[in-house]
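Structural description and commentary
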Amino acid sequence: MNPIAKTLDQHKQANRSIQATVGKMADIYRDARERLNAKLQKHVLSGRDPLEGKQLVKLIEDLSSAYGKLEEAFRKEFDRAIPYVAEGYYFDALKDLGKTILGKPDTAKIDLMKRDAFAHVAGMTQNMLKTDVAFIRQASAEVFRVASATGITREEATQALLAKILGRPEGFRFVDAGGRTWSNQAYCEMLSRTVLLNAGRQTYFDTCAENGEDVVRVTVSGNPCPACAVWENRLLSISGATKGLPTVEQATAAGLCHPNCTHSFVAVGEFARSEDFTEDGRPKTGVNSPGKEEKNDPEAWKKYRQGPAKPAPSAGKPAAKPAKPAKPAKPAAKPAPAAKPSKPPEPPPVEQPELPLELPEPSPAVRKETPEEHRARRQAQWEAAYDKRRDAWHQSIIEAGGSKEVAGELADAYTPEMAKLGKPPKIVFEQGGAFLRPKSGKMKSDEIHLDPDASSWDGHPLTARHEFGHWLDHHTRLRDQGRIDDFNAAAAADWKALKKKANGNLKIYKENLYVTPYDPPEGTYWQEASQTMFGKPMNQLNLAERKILRQHQDALGSITNGNYGGGHTKGYYKGDGKNNIEAFAQAYAAYCRNDEQFRLEFPNMTAYIENLMKGLEK
């Protein structure tokens, strides 16, 4: 795969959330700025003496309260976004490591990330407040001196103060450790992006370490700054335990992962290291391979700030025809007015570099969008609308009585591809089973019914994912008889292969799921599956593991009309559950978990789901 394309695909879902959060933070700041200006205008035009000491004290108290609310809004957004991003990077790490997804990120570590973000937010808003207060004091003193010296009226002094306050610069200009200066809004956006990306990266590193993997590769971007370019495509050691490799800490100290940096990391196994990389972690081919090393020097920075070089004109292009000589002017005619100088041709748009270390000056030129830019802008608008819909759905699930685990599981399931199928289903929490109720009659939307207890069989996050699979089925396969026939053929092929594997002894697939204790005899298919998947007998499985094994049993029950496997009655499989709807939902849930055992036992149904998902991505 093209390394740049792979980079852009890395952490796609989490990074979309980061981009949306950065936009929300900017909106929060702009809205707060407008409210602050309204307070200031009200203060100056209140009819009281705006220069009087008590009025200024009251104004400063109001500003303190307003900045306190701004800090709280920032904290609330980080409190929502950090766990979501961390969870996304956690699952990405497990996927890269080829692990079956069962757990969740360490909540204690996520709390530490939150506290660090909250400290940054507090410092930012306090500095904004100090600067605004200092400016207002200075402006008031200046207007007071002018009023005393010139004898201007109170109305004139009021208007002068209002003009000064409303025309004030963007408050405090942050200067970071590297000497870079940021305006309030730019710093707010940079802080949001950097805090969330760091939370994702740290979660990825922790997950790799917990699974015994110490080596990661720095991803490749389209046009990185030189500080990052020297590290692209190289291997780093997370802990320093892998001899011969530079560490993540050393690379970071040298400039990688600077403010606004969008680079991420991919776990690399021992075989890939030995085949594709040198002992010191450099790639044998591609970026930063021998002879293709990037540099971090003044010349590299000069080229980076200039952008990619303009392409040379094509060879063999015919020269322009010489201009015809101008006709001599008639003696009696008035001299022609001087021609206006033509505007120089606008340069072609340069490739968008990595988010820069230094903020670029805005270009005064306005040019028409190219088709590519138009599509990119519309895509960004669509993604922002998607993020808003998904986040609102996530919040509605919690407000309806759902747990954060179930809300997170369903929000993850509602990908941009799913959003193209329609609005997400309404989630109803009640005791009495788990099921999908398709939209009909007066119902405004589809409904998924779950038990409110996330630790119960019918309220578990894996149950929620399975019921979402039924929603997907109703919006895709069940609307097309051809698709139904294709999946049924895949199910029949899988059952044929399983029968051949049983060598005539089909009893191994039988299972009475309502026996207590739930412990079939040794040597049956299900006991062997339990040992293979979890390394222990069925009577020792926890709830999540039993749910996963039930996916296999229910899929087999569905494709054999209840003669084997289990999960529902024969009447259900032949009636409401016809056309293998349970097999489809279980195959979808197994696909989401990257269940290799399900893929091994049901390869044709798995392939059908994979092709369906690829089709939705187009």
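The model shown is predicted, which means the values in this text are computed figures rather than measured ones.

Here's the deal with the overall build of the protein chain
Secondary structure summary: the protein chain contains 21 helices and eight strands in total. For the protein chain, with 618 residues in total, the buried portion stands at 45%. Within the protein chain, counting contacts between residues at least 6 apart in sequence, those at least 24 apart form 67% of the total. Accessible area for the protein chain stands at about 33800 Å²; split by element, carbon and sulfur atoms hold 54% of it.

Examining the packing of helix 15 (residues 481-502) against helix 21 (residues 603-617)
It is at 7 Å that the axes of helix 15 and helix 21 come closest, and there the two elements cross at 150°. Of the possible angle classes, the one that applies to helix 15 and helix 21 is roughly antiparallel. Contact residues: helix 15 offers Arg483, Asp486, Phe487, Ala490, Ala491, Ala493 and Asp494, while helix 21 offers Pro603, Asn604, Met605, Tyr608 and Leu612. Of the residues that constitute the contact of helix 15 with helix 21, the class distribution is eight nonpolar, one polar and three charged.

Here's the deal with the environment of Tyr591
Secondary-structure assignment places Tyr591 in helix 19 (residues 581-592). Tyr591 gets classed as partly exposed once you look at its relative accessible area, which sits at 29%. Separated by 22 residues in the primary sequence, Tyr591 and Met613 place their C-alpha atoms 9.8 Å from one another. If we skip the residues at most four places from it in the chain, Tyr591 touches Ile609, Glu610 and Met613.

Concerning the pattern of salt bridges
Here the structure, examined in full by the defined rule, presents 18 salt bridges. Put simply, Arg80 and Asp391 hold a salt bridge, and the shortest N to O gap is 3.6 Å. Here Arg80, found in helix 3 (residues 53-97), pairs with Asp391, found in helix 11 (residues 371-399); they are 311 residues apart in sequence, far enough to count as distant. For Arg80, a relative accessible area of 26% translates into the label partly exposed. Of the charged contacts, one joins Glu409 and Arg465 as a salt bridge, the two residues approaching to 2.9 Å between their closest N and O atoms. One end of the pair, Glu409, is in helix 12 (residues 404-413); the other, Arg465, is in helix 14 (residues 461-475), and 56 residues separate them in sequence.

Quick look at helix 16 (residues 525-534)
For helix 16, every residue scored as buried is listed here: Tyr525, Trp526, Gln527, Ala529, Ser530 and Phe534. Buried residues along helix 16 sit against helix 15, helix 17 (543-559) and helix 20 (596-601). Directly after helix 16, the chain includes Gly535, whose backbone phi takes a positive value near 70°.

With respect to the sheet that holds strand 4 (residues 235-237)
The three strands lie next to each other as 4-3-5, forming an open sheet whose pairing is antiparallel. Single-partner strands in this sheet number two, and they are strand 4 and strand 5 (265-267). Adjacent strand axes in the sheet meet at a mean angle of 40° when their direction is disregarded. As paired strands, strand 3 (residues 215-218) and strand 4 are joined by three bridges and run antiparallel to one another. Pairing of Val215 across the sheet is with Ser237, part of strand 4.

Observations concerning the nonpolar core
The nonpolar side chains of a soluble globular protein tend to be buried, and buried together. If you look at the biggest cluster of nonpolar residues, it comprises 62 residues, and the most contacted ones within it are Phe74, Phe78, Ile82, Leu236 and Leu256. In terms of residue count, helix 3 provides more of this core than any other element does, 14 residues in total. If we ignore the near neighbours within four places in the chain, the residues touching Leu236 are Asp214, Val215, Val216, Val218, Trp231, Leu245, Pro246, Thr247, Val248, Ala251, Leu256 and Phe265.

Structural notes on empty space enclosed by the protein
Any space left empty among the atoms is revealed by the rolling of a water-sized probe across them. Summed over all chains, the structure comprises one cavity of 30 Å³ or more. Its volume calculated, the largest cavity comes out at about 50 Å³. What lines the largest cavity is Ala587, Ala590, Tyr591, Asn594, Asp595, Phe598, Arg599 and Thr606. Every element with two or more residues in the lining of the largest cavity is listed here: helix 19 and helix 20. By residue class, the composition of the lining of the largest cavity is four nonpolar, two polar and two charged.

A look at a positive patch on the surface
Residues Arg35, Lys39, Lys42 and Lys69 make up a contiguous surface patch of positive charge. Per element, the largest residue contribution to the positive patch is three residues, and it comes from helix 2 (residues 12-44). Locating Arg35 in the fold gives a position in helix 2.

A few points about the environment of Leu40
In this fold, Leu40 is placed in helix 2. For Leu40, a relative accessible area of 1% translates into the label buried. Expressed as a C-alpha distance, the spacing of Leu40 and Ile60, which sit 20 residues apart in the sequence, is 9.9 Å.

Let's talk about the packing of helix 11 against helix 12
The geometry of a pair of packed helices is captured by two quantities: the angle between their axes and the separation between those axes. Two numbers describe how helix 11 lies on helix 12: the axes approach to 9 Å, and their chain directions differ by 155°. Classified by the interaxial angle, the pair formed by helix 11 and helix 12 is roughly antiparallel. Between helix 11 and helix 12 lies a crossing whose hand is right-handed. Contacts between helix 11 and helix 12 involve Arg390, Trp393, His394, Ile397 and Ile398 from the first element and Lys404, Ala407, Gly408, Leu410 and Ala411 from the second. Its residues assigned to classes, the contact of helix 11 with helix 12 comprises six nonpolar, two polar and two charged.

A closer look at the side chain of Ser530
Position of Ser530 among the secondary structure elements: in helix 16. Here Ser530 is in contact with Gly535, Lys536, Pro537, Met538, Leu541 and Leu549, once residues within four sequence places are set aside.

Some words on the sheet that holds strand 6 (residues 426-429)
The strands that make up a sheet pair up through hydrogen bonds in the backbone, lying either parallel or antiparallel. Reading across from one edge, 6-8-7 is the order of the three strands in this open sheet, with mixed pairing throughout. In this open sheet, the two strands that pair with only one neighbour each are strand 6 and strand 7 (435-437). Each strand axis lies, on average, 25° off the axis of its neighbour in the sheet, ignoring direction. As paired strands, strand 7 and strand 8 (residues 447-450) are joined by three bridges and run antiparallel to one another.

Here we look at the environment of Ser264
Along the chain, the position of Ser264 falls in the loop between helix 8 (248-253) and strand 5. Residue Ser264 is classed as buried on the basis of its relative accessible area, which comes to 4%. In this structure, the C-alpha to C-alpha distance between Ser264 and Ser221, residues 43 residues apart in sequence, is 9.6 Å.

Details of the confidence of the model for the protein chain
Looking at the protein chain, the pLDDT average stands at 79 and 78% of residues meet or exceed 70. Counting contacts from residues 171-177, a segment whose pLDDT is below 50, to residues more than four positions away or on other chains yields 23 contacts. For the stretch residues 358-365, pLDDT sits under 50, and the model shows five contacts to residues farther than four places along the chain or on other chains.

Conventions we followed
- Residues numbered from 1 in each chain as written.
- Predicted model: local features only at pLDDT ≥ 70, side-chain atom pairs only at ≥ 80, totals over all residues.
- Heavy atoms only, no water.
- Helix = DSSP H or I, 4+ residues; strand = E, 2+ residues; numbered from the N terminus.
- Buried < 20%, exposed > 50% of the residue type's maximum accessible area, 1.4 Å probe, protein only.
- Contact = heavy atoms within 4.5 Å.
- Areas by Shrake-Rupley, 256 points an atom, 1.4 Å probe, with all protein chains shown as cover.
- Axes fitted to C-alpha atoms, helices over the stretch in contact; angles between N-to-C directions.
- Parallel < 35°, antiparallel > 145°, perpendicular 65-115°, else oblique.
- Nonpolar A, V, L, I, M, F, W, Y, C, P; charged D, E, K, R; others polar.
- Salt bridge = Lys/Arg side-chain N within 4 Å of Asp/Glu carboxyl O.
- Pairing = 2+ DSSP bridges.
- Core = buried A, V, L, I, M, F, W, Y, C linked by side-chain atoms within 4.5 Å.
- 1 Å grid on protein atoms, 1.4 Å probe; cavity = no way out; pocket = protein on both sides within 12 Å on 5 of 7 lines; lining within 4 Å.
- Points joined across faces, edges and corners; volume = space filled by probe spheres on them.
- Patch = residues over 30% accessible without salt bridge, like charges linked within 9 Å, V, L, I, M, F, W, Y side chains within 5 Å.
- Lys, Arg positive; Asp, Glu negative; His and termini not counted.
- Charge placed at Lys NZ, Arg CZ, Asp CG, Glu CD.
- Left-handed = near helix turned anticlockwise from the far one by under 90°.
- pLDDT = per-residue confidence, 0-100.

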